[in-house]
Amino acid sequence: MKQLFSSYTKGVLQLKNRVVMAPMTRSRALNNLPNELMATYYKQRSGAGLIITEGTSPSPEGLGYPRIPGIYSDAQVDGWKMVTKAVHEGGAKIFLQLMHTGRIAHIANLPEGYHPVGISDIKAAGEIFTDKEGMQEHAVPKVWILTESSI
Amino acid sequence: MISSFVTAAANAIRAGFDGVELHGANGYILEQSLNPHINNRTDIYGGNIENRCRLLLDIIREISKVIGAEKVGVRVSPYSTLGDIPAYNAEETDQTYAYLASELNHLGIAYIHISDSPAIPEKTHQQIRSNFTNTLIYCNGLTPETAAAKISDGSADLVAFGRSFLANPDFVKRIEKNAPFNDVDYMSLYTPGEQGYTNYAILP
Ligand SMILES: Cc1cc2nc3c(=O)[nH]c(=O)nc-3n(C[C@H](O)[C@H](O)[C@H](O)COP(=O)(O)O)c2cc1C
Ligand SMILES: Cc1cc2nc3c(=O)[nH]c(=O)nc-3n(C[C@H](O)[C@H](O)[C@H](O)COP(=O)(O)O)c2cc1C
């Protein structure tokens, strides 16, 4: 098992060991904001060489699941600063996973005024949990349209 | 869409992250783009393999201009059907990931992270390894023993663990000490609060 404990250095990956914490959605980000509880959770796991965070949405449309974090507002950036500081103190590196859920979504999980967006309008089979309405069928997404502003 | 990813990546660096990983796996929007049965677009982001890979590659190219390619990783899950992603022709699947690996190599990103499964043929693994010279991370169903073997035989540079870290905050220490592992509490995976989140037992 020695292989797991050898350090790894390539580019920005200057890691104390080869063990990575895989990205895991945990739905603790109330109002899509990273918080102190999340900083504690990640710090506890900073024995890893590298931590990859839970899927985090680049935009309100990508927040298909309940209580997942975003990284598009200043308040979210400030919340994540607590997490990165705590993890770096623990000696691990940390990458943010950018997850846009696309059609794996329900409108009840998105902030007011937003609708799920997909590559096409083909709906996913099955259901998704929402805080407001329990289990619901996946949304029929709006098709992502290529415009000057959306590029 | 593309510009929101770029802003998000810049925000991530501002928040102190060492880099970003694009979730190109498990049926979310980037894999929806890769899949010929979900992606029925008729513009430059749909159709042949190059076009279906274009969204992911364009996003990476634009992000790299702002934060640097060396701070970007990508997660992929060839042959996975999570998120109601229909399987497609094996030859085309292999070509898709071989093409992606070589384009990602040109772009000079930090790593490819493979969400492994027994459905992935050896050929696909080999094509990714030979087309991509930077770091490869493997994940899914690994134990400390199988993970160590993957590093020894050169198929992985780094090894990732999901549920083991979820239930064992001090997972690395437990491997080192040969201590028993906690079980995952599946009832509290996604529930708010500290139960099943920050209260898993830590070795004294
Ligand atoms: C609760 C939970 C949430 C997950 N969330 C994500 C996620 O947000 N992004 C992702 O890429 N994978 C996610 N995964 C998949 C894990 O990264 C990993 O691939 C999976 O757990 C298999 O690895 P393991 O056998 O080591 O647990 C999640 C897995 C679990 C159990
Ligand atoms: C290989 C694998 C990949 C997963 N990928 C994701 C993911 O990308 N995003 C996510 O939110 N959950 C992900 N999950 C979590 C599952 O959706 C599910 O919540 C978890 O496995 C527990 O449910 P189960 O007991 O039905 O497996 C993943 C799980 C596994 C095992």
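These notes cover the structure that comes with them.

Cut-offs applied
- Residues numbered from 1 in each chain as written.
- Chains lettered and ligands numbered in written order.
- Predicted model: local features only at pLDDT ≥ 70, side-chain atom pairs only at ≥ 80, totals over all residues.
- Heavy atoms only, no water.
- Phe/Tyr/Trp six-rings, centres within 6.5 Å; stacked < 30°, edge-to-face > 60°.
- Buried < 20%, exposed > 50% of the residue type's maximum accessible area, 1.4 Å probe, protein only.
- Helix = DSSP H or I, 4+ residues; strand = E, 2+ residues; numbered from the N terminus.
- Lys NZ or Arg CZ within 6 Å of the ring centre and 35° of its normal.
- 1 Å grid on protein atoms, 1.4 Å probe; cavity = no way out; pocket = protein on both sides within 12 Å on 5 of 7 lines; lining within 4 Å.
- Points joined across faces, edges and corners; volume = space filled by probe spheres on them.
- Nonpolar A, V, L, I, M, F, W, Y, C, P; charged D, E, K, R; others polar.
- Contact = heavy atoms within 4.5 Å.
- Salt bridge = Lys/Arg side-chain N within 4 Å of Asp/Glu carboxyl O.

**Digging into the packing of aromatic side chains**
Residues and elements named next belong to chain B. All chains considered together, the criterion is met by nine aromatic pairs over all chains. A ring pair is formed by Phe 165 and Phe 171, whose centres lie 5.2 Å apart and whose planes are at 70 degrees; its orientation type is edge-to-face. Residue classification places Phe 165 among the buried positions, given a relative accessible area of 0%. On the accessibility criterion, Phe 171 (1% relative accessible area) is buried. Centre to centre, the rings of Phe 171 and Phe 181 are 5.3 Å apart; their planes meet at 50 degrees, and the pair counts as tilted. Pair noted here: Phe 171 is in helix α8 (residues 171–177) and Phe 181 is in the segment after α8, with a separation of 10 residues, a long-range link. For Phe 181, a relative accessible area of 40% gives the class partly exposed. An aromatic cluster is defined as three or more aromatic residues linked by ring pairs; in this entry it consists of Phe 161, Phe 165, Phe 171 and Phe 181. Directly above the ring of Tyr 138 sits Lys 150, whose terminal nitrogen or CZ lies 4.6 Å from the centroid.

**Thoughts on empty space enclosed by the protein**
Residue and element names in this part refer to chain B. Tallied over the entire structure, the rule returns one cavity of 30 Å³ or more. Roughly 80 Å³ of internal volume is contained in the largest cavity. Taken together, Glu 31, Leu 34, Asn 35, Tyr 79, Ser 80, Ile 85, Pro 86, Ala 87, Tyr 88, Thr 93 and Tyr 97 form the lining of the largest cavity. Elements supplying a minimum of two residues to the lining of the largest cavity: α2 (29–34) and α4 (90–107). Within the lining of the largest cavity, the residues separate by chemical class into seven nonpolar, three polar and one charged.

**Side note on the environment of Met 38 of chain A**
Note on placement: Met 38 of chain A falls in helix α2 (residues 36–44). Distance in space between the C-alpha atoms of Met 38 of chain A and Arg 26 of chain A is 9.3 Å, their sequence separation being 12 residues. Once residues within four sequence positions are removed from consideration, Met 38 of chain A is found in contact with Arg 28, Ala 29, Leu 33, Glu 54, Pro 69, Trp 80 and Val 83 of chain A together with Tyr 197 of chain B.

**Here's the deal with the pattern of salt bridges**
Considering all chains together, one arrives at 14 salt bridges over all chains under this definition. A salt bridge links Arg 67 of chain A to Asp 131 of chain A; its shortest N-O distance comes to 2.8 Å. Remark: Asp 131 of chain A occurs in the loop between β7 (127–130) and β8 (134–137) and Arg 67 of chain A occurs in the loop between β4 (50–56) and α3 (74–89); sequence separation between them is 64 residues. According to the relative accessible area criterion, Arg 67 of chain A is buried, its value standing at 12%. On the accessibility criterion, Asp 131 of chain A (45% relative accessible area) is partly exposed. One salt bridge connects Lys 123 of chain B with Asp 94 of chain B, and the closest N-O pair in it is separated by 3.7 Å. Residue Lys 123 of chain B is found in helix α5 (residues 122–131), and its partner Asp 94 of chain B is found in helix α4; the two are separated by 29 residues along the sequence. By relative accessible area, Asp 94 of chain B is classed as buried at 5%. The structure contains a network of salt bridges with shared partners spanning Lys 43, Lys 85 and Glu 89 of chain A.

Geometric descriptors of this kind do not, in isolation, establish any biological role.
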